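Close look at the chain arrangement
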Amino acid sequence: MEISKLFSLENKTALVTGGSMGIGRATALAFADAGADVAIVSRKMENLAPVAEEIKAKGKRCLPVAAHVGRMDQLPAIVEQVVAEFGQIDILVNNAATSPAYATIFEAQEKLWDSIIGLNLKGLYFLSQAVARVMEEKGAGGSIINVSSIDGFAPQAQVGIYSISKAGVNMATRSMALELAPHKIRVNAIAPGATRTKLFEGLFAFLPEDEREKQIQQIGQAFPLGRVAVPDDMVGLMLYLASDASAYMTGQVVAVEGGVLLHGGL
Ligand SMILES: NC(=O)c1ccc[n+]([C@@H]2O[C@H](COP(=O)([O-])OP(=O)(O)OC[C@H]3O[C@@H](n4cnc5c(N)ncnc54)[C@H](OP(=O)(O)O)[C@@H]3O)[C@@H](O)[C@H]2O)c1
């Protein structure tokens, strides 16, 4: 076995949702570094365009697709555009997710439930279905990577619906892995802990900047490894799960969380 080729994504095409920033952007760039052509999806083309330029600067092809992954009627067009451009999809990263507001069970509205579950779980499931059909038709197998969260293991107060959605992502991962294994499509998940992205920092938006920084440093102290993550902390596992290095692994949810689950979460 040539170890240098184990993590290579040469001649592969990846589709990364939420690829315009945060963990999705870091993943898309890492996949391009490993040799893949990459399609990135988010709602706003103005956020996708600079990432597409970064990927092209690495000598790889990039297709930015503006779409809402929580709207089922928009999913077929995403897949059609990627197949039209690249002819195949080898890797899908279901990374786009939302947690737009704090709400306890006494406060939560149906609209909040629908937006969180609609994107984080329903969108993930039906985009996987559409991509799995393409992979199955090509007959070359594939890798689907779902982005879960430590909240899927240990719920956080006031983001209950998000935690429920991520617990659902964990079971979707196992369910899809079982049904897709005969087609050589592997399905695994990465469960990040607190990671410095727009989604995470938005939780502290009400604080002045120096207070926000202090609070984030303080949260970092709750992690055995002494800090919260940055998006690049996720790319090693992403690359492992996307590549042949994990060829015999499916149905697993792997936490990348600085050890915080060792004492039960945040
Ligand atoms: N950051 C953390 O602490 C943390 C911890 C655990 C798990 N995670 C998970 O990691 C993943 C990435 O989160 P992140 O922190 O990197 O978030 P982020 O920096 O806020 O990025 C979210 C991405 O998703 C896109 N997006 C949002 N709603 C969308 C929609 N309806 N349709 C298509 N794209 C949409 C955003 O672009 P547009 O706004 O342009 O659509 C953006 O590209 C999520 O699954 C999240 O749950 C994050």
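Residues numbered from 1 in each chain as written. Predicted model: local features only at pLDDT ≥ 70, side-chain atom pairs only at ≥ 80, totals over all residues. Heavy atoms only, no water.

Details of the domain arrangement of the chain
- Taken domain by domain, the chain comprises domain 1 (3-193 + 231-257) and domain 2 (194-228).
- The gap between the C-alpha centroids of domain 1 and domain 2 is 24 Å.
- Between domain 1 and domain 2, the residue contacts involve 14 residues of the former and nine residues of the latter.
- Run the count over domain 1 and domain 2 and you get one salt bridge.
- Put simply, arginine 227 and aspartate 233 hold a salt bridge, and the shortest N to O gap is 2.8 Å.
- Inspection of the region where domain 1 meets domain 2 yields two residue pairs in polar contact (both at pLDDT 80 or more).
- Here the side of domain 1 that touches domain 2 is composed, by residue class, of eight nonpolar, four polar and two charged. (Domains from an automatic or database assignment. Contact = heavy atoms within 4.5 Å. Salt bridge = Lys/Arg side-chain N within 4 Å of Asp/Glu carboxyl O. Polar contact = N/O pair within 3.5 Å; in protein donor to acceptor, adjacent residues only side chain to side chain. Nonpolar A, V, L, I, M, F, W, Y, C, P; charged D, E, K, R; others polar.)

As for the environment of aspartate 151
- Mapped onto the fold, aspartate 151 is located in the loop between strand 5 (142-147) and helix 6 (160-180).
- Taking the C-alpha atoms as reference, aspartate 151 lies 8.4 Å from alanine 191; in sequence the two are 40 residues apart.
- Sequence-distant contacts of aspartate 151, that is, excluding residues within four places in its chain, are made with Gln156, Val159, Tyr162 and Ser163. (Helix = DSSP H or I, 4+ residues; strand = E, 2+ residues; numbered from the N terminus.)

Overview of the packing of helix 4 (residues 75-86) against helix 5 (residues 110-138)
- Direction vectors running N to C along helix 4 and helix 5 enclose 35 degrees, while the axes themselves pass 10 Å from each other. Every pair of crossing elements has a handedness; the one defined by helix 4 and helix 5 is right-handed. Of helix 5, the residues touching helix 4 (which contributes Leu75, Val79 and Val83) are Gly123, Phe126, Leu127, Ala130, Val131 and Val134.
- Of the residues that constitute the contact of helix 4 with helix 5, the class distribution is eight nonpolar, one polar and no charged. (Axes fitted to C-alpha atoms, helices over the stretch in contact; angles between N-to-C directions. Left-handed = near helix turned anticlockwise from the far one by under 90°.)

Brief notes about the packing of aromatic side chains
- A complete count under the given rule lists three aromatic pairs for this structure.
- Judged by centre distance (5.2 Å) and plane angle (80 degrees), the ring pair of tyrosine 125 and phenylalanine 126 falls under edge-to-face.
- Classification of phenylalanine 126 by relative accessible area gives partly exposed; the value is 31%.
- Seen in terms of ring centroids, phenylalanine 200 and phenylalanine 204 are 5.2 Å apart; in terms of plane orientation they differ by 70 degrees. Their pairing is edge-to-face. There is no split in this pair, since phenylalanine 200 and phenylalanine 204 are both buried. (Phe/Tyr/Trp six-rings, centres within 6.5 Å; stacked < 30°, edge-to-face > 60°. Buried < 20%, exposed > 50% of the residue type's maximum accessible area, 1.4 Å probe, protein only.)

Let's talk about the side chain of lysine 60
- Looking at where lysine 60 falls in the secondary structure, it is placed in the loop between helix 3 (45-57) and strand 3 (62-66).
- Within polar-contact distance, the side chain of lysine 60 engages the backbone oxygen of glycine 35 at 3.0 Å.
- Those residues in contact with lysine 60 that lie beyond four places of it in its chain are Glu10, Ala32, Gly35, Ala36, Asp37 and Ile55.

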